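This is what each chain is made of:
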Amino acid sequence: MMPDLDASLTLCTYCPKLCRHTCPVSNAEARETVIPGAKMATMRLARLGKLESDVESTASLYACTGCGACSEVCLHGVTPGRHLFTGRADAERTGHGHPALAGLPDRVRAHAEASARAAREVVPPHRFQPSAEVALLPGCDDPEATATTLTVCDRIGAEYVGVADVSLGCGGYPLLAGGFPDAFRLHAEALARQLQGYSRVVVPCPACVWAMRVEYPAHGVPLRPEVLHTSEFLAQFIERLPVAAAARPAAAAFYHDPCYLGRQLGIYDAPRRLLERAFPGGVREFSRTRGESECSGGGGVLPLTMPATADAITARRLEEVHEAGATEVITACATCKRRLTRDGVTARDLVDVLAEATRPA
Ligand code: SF4
Ligand code: SF4
C-alpha cells in the first residue's frame with residue numbers, strides 16, 4: 001500500500017536515499033539539497049514548524065518536475081513529486097509561495113481560454129459538438145494539434161470524432177503543480193460541467209490526462225466522460241493505418257516518453273505501436289527509456305520557477321540525440337515537443353507523424 005503523506009515524509013528523511021541518482025533536477029544542479037529525499041526532508045521540517053518560514057527555505061519544494069523517476073525506484077512506494085506539490089500549497093497558504101508563480105490561477109485561466117479560442121481558428125465550426133460519443137479536448141500550447149488529430153481521425157474512418165465545445169483548453173495541471181489546489185478544484189469543476197455531454201474525451205496533454213483521471217476524483221470532482229490520451233484512442237484503429245514501405249533511415253528519430261504518459265499513466269506501448277506503422281523497424285530508443293526515461297524539463301512548472309535548470313535538463317536529454325547524429329525526436333506531449341525543439345533538433349508530435357503517414361498519395 002502507498003504510504004500517506006506523513007509516513008512518506010518520514011521515510012524519505014531517514015531512508016538511505018536510493019533514488020538520488022534519478023532526479024533530473026539534482027543531476028542538472030549537482031546539489032545534494034535538491035535530491036528527492038532532501039526536498040521531502042525540507043517539507044517535513046516545514047510541516048513540523050522547525051524551518052524558518054520564508055521564500056528561501058521553501059525554494060527547494062519547487063525544484064521538482066513531478067517526473068516520477070524517484071518513485072520508479074523507491075522500494076517504499078513513495079511519490080515525492082506528488083507530495084512536493086502539496087508542500088507548495090503549504091508554502092502558498094503561508095504567503096511563501098514561489099514569486100514566479102504569483103497570480104498563476106489568473107494566468108492559467110487566461111491561457112486555457114486562449115487555447116480554446118485558438119482551436120476555433122484552425123478547426124471548422126461544424127466539428128465543435130455540444131455532445132458526442134467522442135470529442136477531442138483542445139490542448140494548450142499546440143492548437144494545430146487538434147486540427148491534425150481530426151485529420152488523422154478522418155483518414156482512419158473515425159469521422160464521427162468531434163471537438164469539445166468548451167471555453168477551457170486545459171485540464172488544469174499547472175494549478176496543481178504550482179500549489180493552488182483550490183483554484184485547481186474550481187477549474188476542474190468548471191471543465192467537468194462543460195464535458196457533461198461527452199462519453200469519451202481525448203486529451204493531447206499527458207499531464208492533464210493524469211490530472212483528470214487521478215486528481216479530479218481525488219479532489220471530489222466527478223467527471224462523466226472517460227478520459228483517454230490521444231495515443232490510446234488512436235491505437236484502437238491501428239489496423240487502419242497504412243504500413244510505411246520505406247525502411248527507416250539510419251539516423252531515425254528517437255522516441256521520447258513523456259513522464260506523465262509513461263511513468264504516471266503506464267502508457268508506453270500505444271505510441272510505439274502507432275509509430276511502428278509509420279516507421280518500419282520502429283523508432284530509435286534512448287538508452288534511458290520507458291520507466292527510466294529522462295524528463296524533458298517541462299513538468300512541475302519548473303520552466304517558470306527554475307528556467308535555467310529546466311534548460312539544463314532539456315540539454316541533458318538531447319545529448320544522446322546529438323551524439324547519434326540525429327536531428328529528430330518524436331514525442332506525444334506538446335510541452336515535451338516545445339522543450340526538445342532546440343539546438344538543431346526538431347521534435348514532432350505523434351499526430352504530426354501519423355498525419356504524414358496517412359496523407360493520400
Ligand atoms: S522516494 Fe523512496 S528512495 Fe527516495 S528518498 Fe524517499 S523513501 Fe528514499
Ligand atoms: S519527481 Fe522527478 S523531479 Fe521530482 S523529486 Fe522525483 S525525480 Fe526529482
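Residues numbered from 1 in each chain as written. Chains lettered and ligands numbered in written order. Predicted model: local features only at pLDDT ≥ 70, side-chain atom pairs only at ≥ 80, totals over all residues. Heavy atoms only, no water.

## Looking at the domain arrangement of the chain
As assigned here, the chain comprises domain 1 (5-97), domain 2 (104-235) and domain 3 (242-357). The C-alpha-based centres of domain 1 and domain 2 are spaced at 30 Å. On the domain 2 side, the residues contacting the 7 residues of domain 1 number 10 residues. Between domain 1 and domain 2, the buried area comes to about 630 Å², and carbon and sulfur atoms account for 55% of it. Contact with domain 2 buries area across many residues of domain 1, yet Arg82, Phe85 and Glu92 alone supply 67% of it, more than any other trio. The tally of links from domain 1 across to domain 2 stands at 1 salt bridge. (Domains from an automatic or database assignment. Contact = heavy atoms within 4.5 Å. Buried area = accessible area lost by both parts, 1.4 Å probe. Salt bridge = Lys/Arg side-chain N within 4 Å of Asp/Glu carboxyl O.)

## Observations concerning the sheet that holds strand β2 (residues 132-136)
Backbone hydrogen bonds hold the strands of a sheet together, and the pairing may be parallel or antiparallel. Taken in spatial order, the 5 strands make up an open sheet running β1-β3-β2-β4-β5, and their pairing is parallel. Strands with a single pairing partner mark the edges of an open sheet, and in this sheet they are β1 (128-129) and β5 (226-229). Across 4 bridges, the pairing between strand β4 (residues 198-203) and β5 is parallel. What sits directly across from valine 203, in β5, is histidine 229. (Pairing = 2+ DSSP bridges. Helix = DSSP H or I, 4+ residues; strand = E, 2+ residues; numbered from the N terminus.)

## A look at the pairing of β2
Two faces make up the sheet, and in a regular strand the side chains alternate between them. Taking burial as the measure, the 5 residues of β2 include 4 buried ones, the bulk of the element. Where β2 and β4 come together, 4 bridges link them in parallel fashion. Bridge pairing links valine 134 to arginine 200 in β4. Sheet analysis places β2 next to strand β3 (residues 162-164), joined by 2 bridges and oriented parallel. Following the sheet pairing, alanine 135 is matched in β3 by glycine 162. Between the parallel pair β2 and β3, the chain is carried across by helix α7 (residues 144-155), and the sense of this crossover is right-handed. (Buried < 20%, exposed > 50% of the residue type's maximum accessible area, 1.4 Å probe, protein only. Right-handed = clockwise from strand over helix to strand, strands pointing away.)

## Regarding the pattern of salt bridges
Think of it this way: side chains of opposite charge can pair up when their charged atoms draw near. The final tally for this structure, using the stated rule, is 25 salt bridges. Between arginine 93 and aspartate 90 there is a salt bridge, with the nearest N and O atoms lying 2.9 Å from each other. Linking arginine 93 with aspartate 90, this pair stays in helix α5 (residues 80-93), spanning 3 residues, or about one helical turn. Accessibility expressed as a relative area gives 61% for arginine 93, which makes it exposed. As a salt-bridge pair, glutamate 239 and arginine 277 come within 3.8 Å of each other at their nearest N and O atoms. Highlighted residues: glutamate 239 in the loop between α11 (230-235) and β6 (254-255) and arginine 277 in helix α13 (residues 269-278), separated in sequence by 38 residues.

## Thoughts on the side chain of histidine 229
Tracing the backbone shows histidine 229 in strand β5. Within the structure, the side chain of histidine 229 is placed 3.1 Å from the backbone oxygen of proline 204, a separation counted as a polar contact. Reaching out from histidine 229, the side chain makes a polar contact with the side chain of serine 231 at a distance of 2.8 Å. Residue contacts for histidine 229: discarding those within four places in its chain leaves Val202, Val203, Pro204, Cys205, Pro206, Val209, Arg213, Leu261, Ile267 and Ala332. (Polar contact = N/O pair within 3.5 Å; in protein donor to acceptor, adjacent residues only side chain to side chain.)

## Quick notes on the site of ligand 2
Near ligand 2 you find Cys23, Pro24, Pro36, Lys39, Cys64, Thr65, Gly66, Cys67, Gly68, Cys70 and Gly81, and these make up its full shell. Per-class residue counts for the shell around ligand 2 are 6 nonpolar, 4 polar and 1 charged. (Near = heavy atom within 4 Å. Nonpolar A, V, L, I, M, F, W, Y, C, P; charged D, E, K, R; others polar.)

## Details of the site of ligand 1
Close contacts around ligand 1 come from Leu11, Cys12, Cys15, Cys19, Gly37, Cys74, His76, Val78 and Pro80, and that covers them all. Of the residues that constitute the shell around ligand 1, the class distribution is 7 nonpolar, 2 polar and no charged.

## Some thoughts on the sheet that holds strand β8 (residues 328-331)
Strand order in this open sheet of 4 strands is β7-β6-β8-β9, and the pairing throughout is parallel. With partners counted over all chains shown, the strands left at the sheet margins are β7 (284-285) and β9 (346-349), one partner each. Sheet topology note: the β6/β7 ladder contains 2 bridges and is parallel. By the bridge assignment for β7, tyrosine 255 is matched with glutamate 285.

## Thoughts on the packing of aromatic side chains
Tallied over the entire structure, the rule returns 7 aromatic pairs. Both rings, one in phenylalanine 233 and one in phenylalanine 237, keep their centres 5.2 Å apart while their planes meet at 65°; by these two values the pair is edge-to-face. Taken individually, phenylalanine 233 and phenylalanine 237 each receive the classification buried, so the pair is uniform in this respect. An aromatic cluster of three or more residues is present, and its members are Phe85, Tyr173, Trp210 and Tyr260. Here the basic side chain of arginine 120 rests over the ring of phenylalanine 128, its NZ or CZ set 4.4 Å away from the ring centre. (Phe/Tyr/Trp six-rings, centres within 6.5 Å; stacked < 30°, edge-to-face > 60°. Lys NZ or Arg CZ within 6 Å of the ring centre and 35° of its normal.)

## Thoughts on the packing of α7 against helix α17 (residues 350-357)
For the pair α7 and α17, the least separation of the axes is 9 Å and the interaxial angle reads 40°. Taken together, the axes of α7 and α17 are oblique relative to one another. The two elements α7 and α17 meet at a crossing, and its hand is left-handed. Along its contact with α7, which presents Ala145, Thr148, Thr149, Val152 and Arg155, the element α17 presents Val351, Asp352, Leu354 and Ala355. When the residues that make up the contact of α7 with α17 are grouped by side-chain class, the tally is 5 nonpolar, 2 polar and 2 charged. (Axes fitted to C-alpha atoms, helices over the stretch in contact; angles between N-to-C directions. Parallel < 35°, antiparallel > 145°, perpendicular 65-115°, else oblique. Left-handed = near helix turned anticlockwise from the far one by under 90°.)

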